[in-house]
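Fold and geometry: a report
This is what each chain is made of:
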Amino acid sequence: MYGPRRRRFSPWWWLAAVTVLLVGAALLVNSLGTRARREAAFLDATRTLSNEVVQLAAGFDRLVGADLLTVTRPDFEALTTRLGEQLNNHLGDLAAMDTPESTEVAGEILGLALESWSSGVDKFRSAVASIADDPASMDPVDDLGGAIVLLRIGDLLYGRFLDRVAGMIAESDVAIGGFPSIVFVSDRRDLSSATGLARAVRDNAEIGVRRDVAILQIVFEPLPSGGVGDGGEIIFPATELLWFSAVIRNLGSVDQEELRVTAEVRSADGAVGAIDVGGPVDLAAGETGTVEFPPFAVLPGTSYEISFDLSAVDDEVELGDNGWESAIRINPSG
């Protein structure tokens, strides 16, 4: 009789098992370390972003404080436009960050705060401009109240973000600096009432001064008759003389004097065919006028480039509508 057969285990199996356990543990530790480093990098990047937003909030604070009583319209438009653009840029920076799964909620909350601040600033700019342009209307005051609400929502969302990252920092083994407080509105007394803020806007005579002129349209004789060509050129019937005039308007709130329009015609090869200056024209606030030019000799079957430039006025708020240009083509005779 033989007794039960004993199993013999090779020491190599034990070594393999231990190796697997050690590799698994190493991978786990490495994975946890990688996640911790990614979390720390995200927190560090958002802390830097938050410190930059602090400066934007400080600029807004100065603007709605004493500066709102004296700021000029161009400066107000430039400051608020730049502020909104920078907030949007930071929103793009946040979207481009490496965001670990464990920080996704915090990132989403910060993104919502930036969106709310940006929308609030944009609405604030348009509402203040409308109040300055139409002091008797109450609709812009309601819009201003909506802007303040959006800014306050951004403040509250950022507070939620701070609560979220505070717990993450407490659990992190990596040293991470503290996050700043950011407040656009909060308990500011001058932003507690849209009506009161609107009153401050109306008291600022400078912000109600809006200087802006524009070319509304170009009138031709003969009228275009061939529609638009494949290259976007305006097609005219066969003619040897082309008359044109520029319809301009004073879109601002103050009178403008000695407005001039420069017309330039170039042939297809770039040679200057004619340069003429029409005017001067004086326009009261809101008034429309016409600047006429003498006839220009053209050749049937020829293409030209034609452009018009209206002289800018001091502190003009919008220069993009001071010019007009197009390619034109004169149909051949017969």
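Residues numbered from 1 in each chain as written. Predicted model: local features only at pLDDT ≥ 70, side-chain atom pairs only at ≥ 80, totals over all residues. Heavy atoms only, no water.

**Overview of a negative patch on the surface**
Where like charges cluster on the molecular surface, the negative patch consists of Asp255, Glu257, Glu258, Asp282 and Glu287. Following the sequence through the fold, Glu257 ends up in strand S4 (residues 256-267). By relative accessible area, which is 62% here, Glu257 ends up exposed. (Patch = residues over 30% accessible without salt bridge, like charges linked within 9 Å, V, L, I, M, F, W, Y side chains within 5 Å. Areas by Shrake-Rupley, 256 points an atom, 1.4 Å probe, with all protein chains shown as cover. Salt bridge = Lys/Arg side-chain N within 4 Å of Asp/Glu carboxyl O. Lys, Arg positive; Asp, Glu negative; His and termini not counted. Charge placed at Lys NZ, Arg CZ, Asp CG, Glu CD. Helix = DSSP H or I, 4+ residues; strand = E, 2+ residues; numbered from the N terminus. Buried < 20%, exposed > 50% of the residue type's maximum accessible area, 1.4 Å probe, protein only.)

**A look at helix H2 (residues 73-96)**
The end-to-end C-alpha distance of H2 is 35 Å, a good match for the 34 Å that 24 residues give at a rise of 1.5 Å each. Residues of H2 that are buried include every one of Arg73, Phe76, Glu77, Thr80, Leu83, Gly84, Leu87, His90, Leu91 and Leu94, and no others. (Expected span 1.5 Å × (residues − 1).)

**Observations concerning the sheet that holds strand S8 (residues 303-310)**
Strand order across the open sheet formed by five strands is S2-S9-S8-S4-S5, with mixed pairing between neighbours. Unpaired on one side and paired on the other, strand S2 (234-236) and strand S5 (272-283) mark the two borders of the sheet. Recorded for the sheet is a direction-independent mean angle of 25° between the axes of neighbouring strands. Pairing of S2 with strand S9 (residues 323-330), which is carried by three bridges, proceeds in the parallel orientation. Residue Ile234 lies in a different strand from S9, and its bridge partner there is Ile328. (Pairing = 2+ DSSP bridges. Axes fitted to C-alpha atoms, helices over the stretch in contact; angles between N-to-C directions.)

**A closer look at unusual backbone geometry**
Following Glu221, the chain continues into Pro222 via a peptide bond in cis, with omega recorded as 5°. The residue Pro222 is located in the loop between strand S1 (213-221) and S2 in this model. Its identity as a non-glycine residue notwithstanding, Glu258 has a phi of 55°, on the positive side. Note on placement: Glu258 falls in strand S4.

**Focus: the packing of aromatic side chains**
The full count for this structure, using the stated rule, is 15 aromatic pairs. Geometrically, the ring pair formed by Phe161 and Phe179 is edge-to-face, given 5.6 Å between the ring centres and 75° between the ring planes. Within this pair, whereas Phe161 is found in helix H4 (residues 139-171), its partner Phe179 is found in the loop between H4 and helix H5 (194-203), the two being separated by 18 residues in sequence. Note on Phe161: relative accessible area 0%, which makes it buried. Every member of this aromatic cluster is reached through a ring pair, and the members are Phe60, Phe76, Trp117, Phe124, Tyr158, Phe161, Phe179 and Phe184. (Phe/Tyr/Trp six-rings, centres within 6.5 Å; stacked < 30°, edge-to-face > 60°.)

**Concerning the packing of helix H3 (residues 104-133) against H5**
Contact geometry of H3 with H5 gives a least axis separation of 9 Å together with a crossing angle of 55°. Taken together, the axes of H3 and H5 are oblique relative to one another. Considering only the axes of H3 and H5, their crossing is right-handed. Facing H3, whose interface residues are Phe124, Val128, Ile131 and Ala132, H5 presents Leu197, Ala198, Val201 and Arg202. Residues belonging to the contact of H3 with H5 are distributed by class as follows: seven nonpolar, no polar and one charged. (Parallel < 35°, antiparallel > 145°, perpendicular 65-115°, else oblique. Left-handed = near helix turned anticlockwise from the far one by under 90°. Contact = heavy atoms within 4.5 Å. Nonpolar A, V, L, I, M, F, W, Y, C, P; charged D, E, K, R; others polar.)

**Here we look at the pairing of S5**
Pairing between S4 and S5: eight bridges, direction antiparallel. Residue Val261 lies in a different strand from S5, and its bridge partner there is Gly278. The hairpin turn running from S4 into S5, its antiparallel successor, is four residues long, and Gly270 in that turn takes a positive phi close to 95°.

**Observations concerning the side chain of Glu233**
Among the secondary structure elements, Glu233 is positioned in the loop between S1 and S2. In terms of polar contacts, Glu233 uses its side chain to reach the side chain of Arg329, at 2.5 Å. Among all residues touching Glu233, those that are not within four sequence positions of it are Gly227, Val228, Ala327, Ile328 and Arg329. (Polar contact = N/O pair within 3.5 Å; in protein donor to acceptor, adjacent residues only side chain to side chain.)

**Topic: the environment of Phe76**
Take Phe76: it is sitting in helix H2. Once the C-alpha coordinates of Phe76 and Arg125 are considered, the two residues, 49 residues apart in sequence, prove to be 8.0 Å apart. Beyond its immediate sequence surroundings of up to four residues, Phe76 is in contact with Leu63, Leu68, Val71, Phe124, Arg125, Val128 and Ile207.

**Here's the deal with the pattern of salt bridges**
One pass over the structure, following the stated rule, counts seven salt bridges. The shortest N-O distance in the salt bridge between Asp133 and Arg73 comes to 3.0 Å. Taken together, the residues Asp133 in helix H3 and Arg73 in helix H2 connect sequence positions 60 residues apart. Look at Arg73 and you get buried, because its relative accessible area is 1%. Several salt bridges share partner residues, and in doing so they unite Arg73, Glu77 and Asp133 into one network.

**A word on the packing of H3 against H4**
The geometry of H3 relative to H4 is characterised by a closest axis approach of 7 Å and an angle of 160° between their N-to-C directions. Classified by the interaxial angle, the pair formed by H3 and H4 is roughly antiparallel. Here H3 runs over H4; the crossing is left-handed. Its residues placed into classes, the contact of H3 with H4 shows 24 nonpolar, six polar and five charged.

**Concerning the side chain of Arg125**
When you line up the elements, Arg125 lands in helix H3. Here Thr80 takes part through its backbone oxygen, which lies 3.1 Å from a polar atom of the side chain of Arg125. The residues touching Arg125, leaving out its near neighbours within four places in the chain, are Phe76, Glu77, Thr80 and Thr81.

Read these as geometric descriptors, not functional statements.
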